[in-house]
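# Chains, contacts and geometry: an overview
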Amino acid sequence: MKAFRSIVVSVVLIATAQLLMKKGVSGASLSLSSIPSLVLNPYLIFGLVSLFVGTIIYLSALSKADLSYAYPILSLGYIFVAIASMLFLGEHLSVVRWLGIFTVCFGVFLMSRS
């Protein structure tokens, strides 16, 4: 159970990193001249830190759990990112995306019962 919690924490951190990095690059033109402003962008900095910490926690969880158990749980990130993108970035989630989210949730539920 401890490995499951660690994996979920890592998924939340990595999903948060995706949101922060998206926020950091939104509206930016990615060119050589924009690199200094991107490097100093707080959203990107915190996003990269969150990604790093989430990865370290995931590696720790891998030392305690089977990869065939841990890896499917990472798909929870799809759910977190989709819902948070809707709430915090104003993105639209269609019915088909909601069906996909439900399918992922159900699959993770079944896998966690094994």
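Keep in mind that this is a model prediction, so the values were computed, not measured.

With that out of the way, let us pick up helix H6 (residues 95–112). Compared with the 26 Å implied by 1.5 Å per residue over 18 residues, the 26 Å span of H6 between its first and last C-alpha is a close match. For H6, the complete set of buried residues consists of Ile101, Val108 and Met111. The buried residues of H6 occupy an angular sector of 95 degrees when projected down its axis, which confines them to one face. Facing away from the buried side of H6 by more than 90 degrees, the exposed set consists of Val95, Val96, Leu99, Phe102 and Thr103.

What follows covers the environment of tryptophan 98. Considering the arrangement of structural elements, one finds tryptophan 98 in helix H6. Considering only alpha carbons, one finds tryptophan 98 and isoleucine 79, 19 residues apart in sequence, at a separation of 9.2 Å. If we ignore the near neighbours within four places in the chain, the residues touching tryptophan 98 are Ile83, Met86 and Leu93.

Time to look at the nonpolar core. Ranked by internal contacts, the top residues of the largest apolar core, which has 13 residues, are Ile7, Ile73, Leu76 and Ile101. Of all the elements in the fold, those that place two or more residues in this core are helix H1 (2–25), helix H3 (42–62), helix H4 (67–73), helix H5 (76–89) and H6. Contacts of leucine 76, omitting those with residues within four sequence positions, involve Val8, Val11 and Val108.

To continue, consider the confidence of the model for the chain. On average, residues of the chain carry a pLDDT of 88, and 96% of them reach 70 or more. Of all secondary-structure elements in the chain, the lowest mean pLDDT belongs to helix H2 (residues 35–39), at 78, while H3 reaches the highest, 96.

End to end, H3 covers 30 Å across 21 residues, agreeing with the expected 30 Å (1.5 Å per residue, within 8%). Listed as buried for H3 are Leu44, Gly47, Ser50, Gly54, Tyr58 and Ala61. Angular distribution of buried residues about the axis of H3 spans 125 degrees; they occupy a single face of the element. Those residues of H3 that are buried are in contact with H1, H2 and H4. Capping the start of H3 is the job of one residue whose side-chain oxygen sits 2.8 Å from the backbone nitrogen of tyrosine 43: asparagine 41.

Parameters at a glance
- Residues numbered from 1 in each chain as written.
- Predicted model: local features only at pLDDT ≥ 70, side-chain atom pairs only at ≥ 80, totals over all residues.
- Heavy atoms only, no water.
- Helix = DSSP H or I, 4+ residues; strand = E, 2+ residues; numbered from the N terminus.
- Expected span 1.5 Å × (residues − 1).
- Buried < 20%, exposed > 50% of the residue type's maximum accessible area, 1.4 Å probe, protein only.
- Arc of directions from axis to C-beta.
- Contact = heavy atoms within 4.5 Å.
- Core = buried A, V, L, I, M, F, W, Y, C linked by side-chain atoms within 4.5 Å.
- pLDDT = per-residue confidence, 0-100.
- Polar contact = N/O pair within 3.5 Å; in protein donor to acceptor, adjacent residues only side chain to side chain.

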